[in-house]
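# Summary of the model geometry
As a plain string of letters, each chain reads:
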Amino acid sequence: EELEGFVGWSWRSDTALALGSYERAMQSATDVEDVYLRGARLYQALQRWSDAERVAAAWQAQFPNSALAPFFLGVSRIATQQYPGARDALERSVTLAPNNALAQFYLATAYRNLGRSEAAKEAARRAAYIDSTLALPYLELIYIAADANDRDGAVAATREYLRRAPGDSGMSYLRQFMEP
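Okay, so let's go over this structure. Keep in mind it's a predicted model, so treat the numbers as computed, not measured. (Residues numbered from 1 in each chain as written. Predicted model: local features only at pLDDT ≥ 70, side-chain atom pairs only at ≥ 80, totals over all residues. Heavy atoms only, no water.)

In this section: the packing of aromatic side chains. All told, the structure shown has six aromatic pairs when counted by the stated rule. Pairing tyrosine 36 with phenylalanine 63 gives two aromatic rings, centres 6.3 Å apart and planes at 75°, and the pair type is edge-to-face. One end of the pair, tyrosine 36, is in helix α3 (residues 32-45); the other, phenylalanine 63, is in the loop between α4 (49-62) and α5 (68-79), with 27 residues separating them in the sequence. When its relative accessible area of 8% is taken as the criterion, tyrosine 36 is described as buried. Aromatic pair phenylalanine 71 and phenylalanine 72: ring centres 5.4 Å apart, planes at 85°, arrangement edge-to-face. Grouping aromatic residues by their ring pairs yields a cluster made of Tyr36, Trp59, Phe63, Phe71, Phe72, Phe105 and Tyr106. (Phe/Tyr/Trp six-rings, centres within 6.5 Å; stacked < 30°, edge-to-face > 60°. Helix = DSSP H or I, 4+ residues; strand = E, 2+ residues; numbered from the N terminus. Buried < 20%, exposed > 50% of the residue type's maximum accessible area, 1.4 Å probe, protein only.)

In this section: the pattern of salt bridges. Per the stated rule, a full pass over the model turns up eight salt bridges. Across the pair arginine 48 and aspartate 51 runs a salt bridge whose closest N-O atoms are separated by 2.7 Å. Across the salt bridge formed by arginine 54 and aspartate 51, the nearest N and O atoms sit 3.5 Å from each other. In this pair, arginine 54 and aspartate 51 are both assigned in helix α4, three residues apart and thus about one turn of the helix distant. Linked through salt bridges whose partners overlap, the residues forming this network are Arg48, Asp51 and Arg54. (Salt bridge = Lys/Arg side-chain N within 4 Å of Asp/Glu carboxyl O.)

Further remarks concern helix α6 (residues 83-96). Its 14 residues give α6 an end-to-end C-alpha distance of 20 Å, which sits within 8% of 20 Å, the value for a rise of 1.5 Å per residue. Buried residues of α6: Tyr83, Gly85, Ala86, Ala89, Leu90, Ser93 and Val94, and no others. Seen end-on, α6 carries its buried residues on one side only, within an arc spanning 160°. (Expected span 1.5 Å × (residues − 1). Arc of directions from axis to C-beta.)

Turning to the environment of glycine 39, a few remarks are in order. Inspection of the secondary structure assignment puts glycine 39 in helix α3. The class for glycine 39 is buried, based on a relative accessible area of 0%. Residues glycine 39 and alanine 52, spaced 13 residues apart in sequence, show a C-alpha to C-alpha distance of 7.3 Å.

Here we take up the environment of asparagine 100. With respect to the secondary-structure elements, asparagine 100 resides in the loop between α6 and α7 (101-113). Spatially, the C-alpha atom of asparagine 100 lies 9.4 Å from that of phenylalanine 71, the residues being 29 residues apart in sequence. With sequence-adjacent residues up to four places away left out, asparagine 100 is seen in contact with Phe71 and Ile130. (Contact = heavy atoms within 4.5 Å.)

These figures capture arrangement, not role.
Rendered as structure tokens:
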């Protein structure tokens, strides 16, 4: 019952009620893993990264075979620029669920920020292969190419990104890679 309240309030964007409902749901829920999932999503949506990380870490400790727990942990750590911890969590997530395109994308982000551009390219390409409609891997490939002063690579990745996200408000930034 409390979980239903948490779900309802979180969808209505009433932050105080959603947080209160979440805390009560953790005390009485029978499907604790679902409560962890919803709590991690809620805290990330609110950009309360330390709370999201706390929930995801507890979730991972209680459900070590869950691929989503380390995914949420990794995303929270990327948001706070804890790239080694993000890499570790996301490597765990893709080991448990190698076909999670978003986990592969965020792993590419962690690798790039750790200076591991080849590993970042591989993870971004895996993400694009897993979900050919996803634009985010190409955004990561743009950054990797730009960091390496690889204009041709940046142009190719920009074209692919813009094909998948033609209405992106960041298009003007990306178009700089298309100009001679």
